[in-house]
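Per-entry structural report
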Amino acid sequence: MSVARAGKAVCPYCGVGCVLTSTVEGNAVKRIRADPADAPNFGMMCPKGALAGEVFSDPDRLTRPLIRREKGGPLEPATWEQAIVRVADALAEAPADRVAWYGSGQLDTEASYAFTKLFKGLLGCNHTDTNSRLCMSSAVAGYTQAFGSDGPPGCYADIEEADTFLILGANMAANHPVLFNRVRRRRVVEPDARIVVVDPRRTRTAAHADHHLAVAPGGDVPLLRFLARALVDAGEIDAAAFAAATDGGAAWLDRLAAEDPDDLARRSGVPRAQLDAAAETLFGGRKLMSLYCMGANQSAQGTLKNRELIHLSLLLGQLGRPGCGPFSLTGQPNAMGGREVGYLAHQLPGYRLVAESADREAMERFWGTVRGSISPEPGRAAVEMFKAAAAGATDVLWVACTNPVASLPDAERTREALRRTPLVVVQDVTAASETVAYADVVLPACQWGEKAGTMTNSERLVVRSDRFLEAPGACRPDWWIVASVGHAIEERRGDAAGRFAWASHEDVWDEFRRTTTGRPCDLAGMTNERLRAGPLQWPCPDPGHPGTARRYAGGRVLTASSKPRTAGETQETAARSAAICDAADAAFPLVLTTGRVASQWHSRTKTRHVAVLDAQEGGPFFEVHPDDAAAAGVTHGDRAAVVGRRGRAEATVRVSDEARPGCVFSPFHWADSAGPLANVNQLTSDAVDPASQQPELKACAVRIEKVEEAR
Ligand SMILES: Nc1nc2c(c(=O)[nH]1)N[C@H]1C(S)=C(S)[C@@H](COP(=O)(O)OP(=O)(O)OC[C@H]3O[C@@H](n4cnc5c(=O)[nH]c(N)nc54)[C@H](O)[C@@H]3O)O[C@H]1N2
Ligand SMILES: Nc1nc2c(c(=O)[nH]1)N[C@H]1C(S)=C(S)[C@@H](COP(=O)(O)OP(=O)(O)OC[C@H]3O[C@@H](n4cnc5c(=O)[nH]c(N)nc54)[C@H](O)[C@@H]3O)O[C@H]1N2
Ligand code: SF4
Ligand SMILES: [Mo]
């Protein structure tokens, strides 16, 4: 196969989805440029993107399939045929409810669709879920409950028109840097623009805020209700218009009127005067754009936090208007695409649901499978999937493009799930993933640049990436690996349907795009030819359609009544009773929150190879407020343990008044390979949001103990 001398691809890191052009010499990336012609980055990129060519220098790169003949034995080299037969036989022989797939928002759409078709279509198994459950599922639930459909209403270009940015639970300066540059530039162009940041920590993002509200963990819902109440009390709201334009709005306003603003302020953990001042940035018909991420989603109240953010836009009557609206930032480069293919346990392609009989029948017809072959029961969501596996409920667990040992809450249970499951299949690019150590079959995949494929960024923009590098050894594109297993299972069954007989990624795309015809995320008009020419935003129903920047014009949404729905009383009551599930007490007086730093990506399988990035943080750390450090008897630079109800982790103490008193922050980038106690997910709680099943990774109760270093 010939390889191009330059290629365009979506940056392999965050959901901003910058398009990067790589110049290639030999089989190595020589230089990466952000092409000014390409949306959405306008010639910008951050250091991670600029240095993304260095990830190819991985000494642990997987280059051939590996098989472990028995648990405890060594991983030995194998051929693709041996590996595929081993996986296909195991999947075909196990009962459909004893197999599971755990994937990733970093897989391209083609691979994500192939996995969904293999498990839900061919095997009749809905136990498919991904790290998106740890990431975006509260946003999915929030949008779907409010608008009758997932997916953001607006687009990045709203940033250039907004007056007030409400950035909640998002450290954009570190984690969506190019998009944050657009926010900052807006304030230069329009000096009257305001930034309100809601985050317990004084982050790099908060440093740019006009108002930093250092919310108490679990305090977002009362904080957002306070802002809503302030709008009403200031006479900024046309209550009759709001009630008429929404489903449930009148009752919602009544409940809001019954709240006591002082009580809301107290529960938010932010002084009333600061809240009053921040509320004023919403007055006078100013255009509000809310930008939110894991501080909103990773919570047992994640769905309600999303809904309260949506309520603010509805109250202001701004849904569907340029420069306005609720905008959920996606984390991974294809977090959106995975939702479109329907890989979460309750979904089917094209924003369909397994619980809807019409949706199941449509997909059974499309896939040419027997009527009734798709189970009507939603499968196990991520946390439930690993709990079940740890309890011995699973025979085959296929993990692709994610490192659950490092990233799922309650790491010791994740390890137990992997030890206990008879056949663990791990499809990855590097043995640096902690999860590979638990694999019985390792499937080596191509990484970015070594394969072509399609991804959707935060603003529904669908981008095709080129292949411009030769993959090492026997690595194969993810979609090819799935298709080979699907084909082998059909052959075993004597089924000649050829459902996986795709010759290229373009064949997979062509099939997938047709599943979305007439659906909310309609991308049927995005032919391969068009995507080769440039990106497009959905909905894009036919090949002549230009794509859609903003949905819900005139405030009309996809619910039965076309009106947005407000949250119900039961949901609000539940949120009031338990702000944090794993709450602090005398034994565990502090709240640990976890997240990210600018220079590292998740479990560091990529960024550890980029010297400049890796040098930026010394290793795992706990950021602690001076008062809490003093109370625990630790000082800056000490080695300390953070101890919680499920385990402990150790790291270096950073004393900083950027921390909120009572809160400890630790990044989750360093896991088992950085030392036996580096993995902060040994502490995190598996409590989940009841609607979204998203775990509460942002809050668990801990105490700090000094560790005496052995001399
Ligand atoms: N450099 C870098 N960039 C990344 C990633 C990465 O690993 N590294 N990962 C990508 C992915 S997958 C994702 S999902 C995004 C995540 O992007 P972000 O959501 O910005 O990242 P986090 O650091 O996890 O959490 C954001 C903030 O939530 C705050 N927070 C904690 N608890 C609460 C709370 O109760 N309320 C509020 N309001 N805030 C709270 C934390 O203090 C933190 O500053 O980043 C993407 N971009
Ligand atoms: N405590 C705590 N835990 C968290 C979070 C938090 O804020 N706090 N955030 C959660 C969130 S939002 C997320 S998104 C997750 C992320 O958590 P993970 O998904 O576990 O993180 P990564 O390190 O990105 O793992 C991706 C894996 O895919 C491999 N890979 C890269 N490219 C390819 C490819 O093209 N094909 C294949 N097959 N493999 C590839 C990489 O080598 C790596 O092993 O972590 C979650 N866990
Ligand atoms: S902002 Fe995100 S997508 Fe853009 S270059 Fe940086 S990491 Fe890549
Ligand atoms: Mo994420």
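Scroll up to find the structure this text is about.
A brief look at the structure comes next. Here the structure is a predicted model, which means the values were calculated and not measured. (Residues numbered from 1 in each chain as written. Chains lettered and ligands numbered in written order. Predicted model: local features only at pLDDT ≥ 70, side-chain atom pairs only at ≥ 80, totals over all residues. Heavy atoms only, no water.)

**Considerations on the site of ligand 3**
Put simply, the test is: Residues are counted as near a molecule or strand when any one of their heavy atoms sits within 4 Å of it. Where helices and strands are cited, they refer to DSSP runs of H or I of at least four residues and of E of at least two residues respectively, numbered from the N terminus. Gly is placed with the polar residues, together with every amino acid not listed as nonpolar (Ala, Val, Leu, Ile, Met, Phe, Trp, Tyr, Cys and Pro) or charged (Asp, Glu, Lys and Arg).
Around ligand 3 sit Cys11, Tyr13, Cys14, Gly17, Cys18, Met45, Cys46, Lys48, Gly49, Pro177 and Val178, and those are all the residues in its vicinity. Residue assignment for the shell around ligand 3 shows that the elements contributing at least two residues are helix H1 (47-50) and helix H6 (177-189). Taken together, the residues of the shell around ligand 3 break down into eight nonpolar, two polar and one charged.

**Remarks on the packing of aromatic side chains**
The test is simple: Two rings from Phe, Tyr or Trp (for Trp, the six-membered ring) form a pair when their centres sit within 6.5 Å of each other. Planes less than 30 degrees apart are called stacked, planes more than 60 degrees apart edge-to-face, and all others tilted. Burial classes follow relative accessibility: with a 1.4 Å probe on protein chains only, a residue under 20% of its type's maximum area counts as buried, one over 50% as exposed, and anything between as partly exposed. Throughout this description, the term charge over a ring refers to an Arg CZ or Lys NZ atom that lies within 6 Å of the ring centre and within 35 degrees of the ring normal.
Evaluated as defined, the whole model comprises 20 aromatic pairs. Taking 5.1 Å as the distance between ring centres and 80° as the angle between the ring planes, the aromatic pair formed by tyrosine 102 and phenylalanine 386 counts as edge-to-face. Remark: phenylalanine 386 occurs in helix H16 (residues 382-390) and tyrosine 102 occurs in strand E6 (residues 99-103); sequence separation between them is 284 residues. Taking relative accessible area as the criterion, tyrosine 102 reaches 0% and is therefore assigned buried. Linked through ring pairs, Tyr113, Trp367, Phe500, Trp502, Trp509 and Phe512 together constitute an aromatic cluster. The ring of phenylalanine 500 has lysine 117 lying over it, and the distance from NZ or CZ to the ring centre is 5.3 Å.

**Digging into helix H11 (residues 272-279)**
For clarity, the cut-off: An arc is given here, and it is the one of the directions from the helix axis to the C-beta atoms.
For H11, the complete set of buried residues consists of Leu275, Ala278 and Ala279. One side of H11 carries all its buried residues, which in axial view fall inside an arc of 100°.

**Brief notes about the sheet that holds strand E7 (residues 128-130)**
What holds strands together in a sheet is hydrogen bonding between their backbones, with the strands either parallel or antiparallel. The test is simple: Whether two strands pair comes down to DSSP finding at least two bridges between them. Axis definition: a line fit to C-alpha positions, over the contact stretch in the case of helices; interaxial angles, taken between N-to-C directions, run 0 to 180 degrees. Whether two residues are in contact is decided by their heavy atoms: any pair within 4.5 Å suffices.
Spatially, the seven strands line up as an open sheet ordered E5-E4-E17-E16-E15-E6-E7, and their pairing is mixed. Where the open sheet ends on each side, the last strands, each with one partner, are strand E5 (75-77) and E7. Here the average twist between neighbouring strands, direction ignored, is 20°. Strand direction decides the pairing type here: E6 and strand E15 (residues 396-400), joined by four bridges, are parallel. Its bridge partner lying in E15, valine 99 is registered against valine 396. Docked against the sheet, helix H2 (residues 80-93) engages strand E4 (66-68), E6, E15, strand E16 (423-428) and strand E17 (441-444), running at close to 125° with respect to E17.

**Comments concerning the environment of arginine 255**
Turning to its location among the elements, arginine 255 is positioned in helix H9 (residues 249-257). Its relative accessible area of 19% is what places arginine 255 among the buried residues. Spatially, the C-alpha atom of arginine 255 lies 59 Å from that of isoleucine 67, the residues being 188 residues apart in sequence.

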